[in-house]
Amino acid sequence: MSYTPYSAILKAKGFSGTRIRKVTLNGGFTCPNLDGSKARGGCTYCDNRAFSPSAANRSVSIREQLERGMEYQRKHLRAERFIAYFQTFSGTYAPVDKLRDLYLQALDHPDVIGLSIGTRPDCITGEIADLLEEIGRNTFLTLEIGLQSAHDDTLRRINRAHVYGEFAEAMDLCADRGFDLCIHLMLGLPGERRWQYRATARSLNKWRFHSVKIHPVHVVKGTVLARQYRKGEFQPLEQGEYVAGLVDVLERIPMEVGVQRFTADATGDLLIAPEWCRRKSEIQKAMMEEFTRRGSRQGSLLGGWSGIREGSGTGYAEADA
């Protein structure tokens, strides 16, 4: 296998022989670039309805959300055990006592084997990392941190309202804490080129992390990016461009890191473009063919990260850029 599927990571943790699926939950969170504490309007590409099936469940209890999600996945996917996934908005953006209560509510279900918590790097404090470490001593726990790009210019362009340095601080707080770390990356962000994807991948290797989610930027209804697309100010990647960039990134990610996602699309009818991102099996096949064509694999081009370059607006320099 040219890359490490996430299922291999779960198997190594003792979850083999069981069909495990994630149940997405809405804990009632928001984000600091939505509520005005840092910015308003959110990321230019984001309408959370498009990315999270739980986005409409704010008023439904955690237990009921779990039961609904489990029922569907047992019926349609033959799932047996579940990871409770706080996916909607920033799942650590609340006081620690509230977070503890929400997380423990999810873990109270007998068929839940662990937690996955999606968040932003600027929503992690030492106190929150302590809480995750405490819970992680007794259950499987993955913290999913959305970086998207290590380039500060890009982050400003998409209204992330944080910089790469805040991601580095969050990773320093969380590394080697006894819970898993997953990093989110997006390819095809406005203004970025392939050398920037490669540099972002290399920048991660200062820390130990356990899995990665990578997907193309896609345009969904109701977003700033949708308006930019209609005006001709943004053009999504073609499938071949994305696959080339995806393999570039994976060549610079350690082989022991599991790939949770190598593409994604919007739910329902919210997707505007590109249509090809729905064809997941086709993208996987193209990815494997590209590895074969290059004679490479995940992790085959590790090394060469040279650290922070102050004032560059990019965060690093890379030898093979």
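Every value quoted in this text rests on a predicted model; they were computed, and no experiment measured them.

Peer 1: Could you clarify how one ought to interpret the overall build of the protein in this entry?
Peer 2: In terms of regular secondary structure, the protein is built from 11 helices and nine strands. Taken against the 2.2 N^0.38 rule, which gives 20 Å for 321 residues, the C-alpha radius of gyration of the protein at 19 Å falls within 12% of a compact globule. Expressed as a percentage of the 321 residues in the protein, the buried residues total 57%. The long-range share in the protein, meaning contacts at least 24 apart out of those at least 6 apart in sequence, stands at 82%. Taken as a whole, the protein presents about 13900 Å² of accessible surface, with 47% of it coming from carbon and sulfur.

Peer 1: In this structure, what is going on with the nonpolar core? I would like to understand it.
Peer 2: Across soluble globular proteins, you tend to see nonpolar side chains buried next to one another. Counting residues in each nonpolar core, the largest one holds 71 residues, and the members touching the most others are F86 and Y103. Residue contacts for Y103: discarding those within four places in its chain leaves F86, G91, T92, L115, I117, L131, L132 and I135.

Peer 1: Looking at this structure, how should I read the environment of D265?
Peer 2: Structurally, the position occupied by D265 is in the loop between β8 (258-261) and β9 (271-273). Polar contacts involving the side chain of D265 include one to the side chain of K280, which spans 2.6 Å.

Peer 1: I would appreciate a short explanation of the pattern of salt bridges in the present structure.
Peer 2: For side chains bearing opposite charge, pairing can occur when the charged atoms are close. Counted by the stated rule, this structure contains 26 salt bridges. Residue K280 is joined to D265 by a salt bridge in which the shortest nitrogen-to-oxygen separation is 2.6 Å. Residue K280 is located in helix α11 (residues 280-294), and its partner D265 is located in the loop between β8 and β9; the two are separated by 15 residues in the primary sequence. Among the residues examined, K280 registers a relative accessible area of 38% and is labelled partly exposed. Residues participating in the shared-partner salt-bridge network are R194, R198, D248, E251, R252, E290, R293 and R294.

Peer 1: Would you take a moment to explain the sheet that holds strand β2 (residues 81-86) for this structure?
Peer 2: Across a sheet, strands are paired by hydrogen bonds formed along the backbone, either parallel or antiparallel in direction. In spatial order, the strands read β1-β2-β3-β4-β5-β6-β8; together these seven strands make up an open sheet with parallel pairing. With one partner strand each, in any of the chains shown, β1 (20-25) and β8 form the two edges of the open sheet. The sheet shows a mean angle of 25 degrees between the axes of neighbouring strands, taken without regard to direction. Across three bridges, the pairing between strand β6 (residues 211-216) and β8 is parallel.

Peer 1: Explain the packing of aromatic side chains to me, please; I cannot follow it from the model alone.
Peer 2: Each aromatic ring pair is characterised by the separation of its centres together with the angle its planes make. Going through the model one piece at a time under the given rule, you end up with seven aromatic pairs. With 6.4 Å between their ring centres and 80 degrees between their planes, F29 and F86 make a pair best called edge-to-face. With F29 in the loop between β1 and α2 (48-51) and F86 in strand β2, the pair connects residues that are 57 residues apart, well separated along the chain. In this pair, the class of F29 matches that of F86, namely buried. Relative to W207, the ring of F167 has its centre 5.7 Å away and its plane inclined at 85 degrees; by these criteria the two rings are edge-to-face. With a gap of 40 residues between them, F167 in helix α7 (residues 164-174) and W207 in the loop between α8 (194-203) and β6 connect regions that are remote in the sequence. One aromatic cluster is present, built from ring pairs that chain together F29, F86 and Y103. Its guanidinium or amino end placed over the ring of Y85, K22 lies 4.5 Å from that ring's centre, counting from NZ or CZ.

Peer 1: Looking at this model, I keep getting lost on the pairing of strand β3 (residues 112-119). Mind explaining?
Peer 2: As a general feature of sheets, a regular strand has side chains that alternate between the two faces. The buried count for β3 comes to eight of eight residues, which makes it a mostly enclosed element. Here β2 runs beside β3; their pairing, made up of five bridges, is parallel. Within the sheet, the bridge partner assigned to A84 lies in β3 and is L115. With helix α4 (residues 96-107) bridging β2 and its parallel neighbour β3, the resulting β-α-β unit is right-handed. Between the parallel elements β3 and strand β4 (residues 140-148), the chain passes through helix α5 (residues 126-136) in a crossover that is right-handed.

Quick notes on the rules
Residues numbered from 1 in each chain as written. Predicted model: local features only at pLDDT ≥ 70, side-chain atom pairs only at ≥ 80, totals over all residues. Heavy atoms only, no water. Helix = DSSP H or I, 4+ residues; strand = E, 2+ residues; numbered from the N terminus. Rg over C-alpha atoms; globule rule 2.2 N^0.38 Å. Buried < 20%, exposed > 50% of the residue type's maximum accessible area, 1.4 Å probe, protein only. Contact = heavy atoms within 4.5 Å. Areas by Shrake-Rupley, 256 points an atom, 1.4 Å probe, with all protein chains shown as cover. Core = buried A, V, L, I, M, F, W, Y, C linked by side-chain atoms within 4.5 Å. Polar contact = N/O pair within 3.5 Å; in protein donor to acceptor, adjacent residues only side chain to side chain. Salt bridge = Lys/Arg side-chain N within 4 Å of Asp/Glu carboxyl O. Pairing = 2+ DSSP bridges. Axes fitted to C-alpha atoms, helices over the stretch in contact; angles between N-to-C directions. Phe/Tyr/Trp six-rings, centres within 6.5 Å; stacked < 30°, edge-to-face > 60°. Lys NZ or Arg CZ within 6 Å of the ring centre and 35° of its normal. Right-handed = clockwise from strand over helix to strand, strands pointing away.

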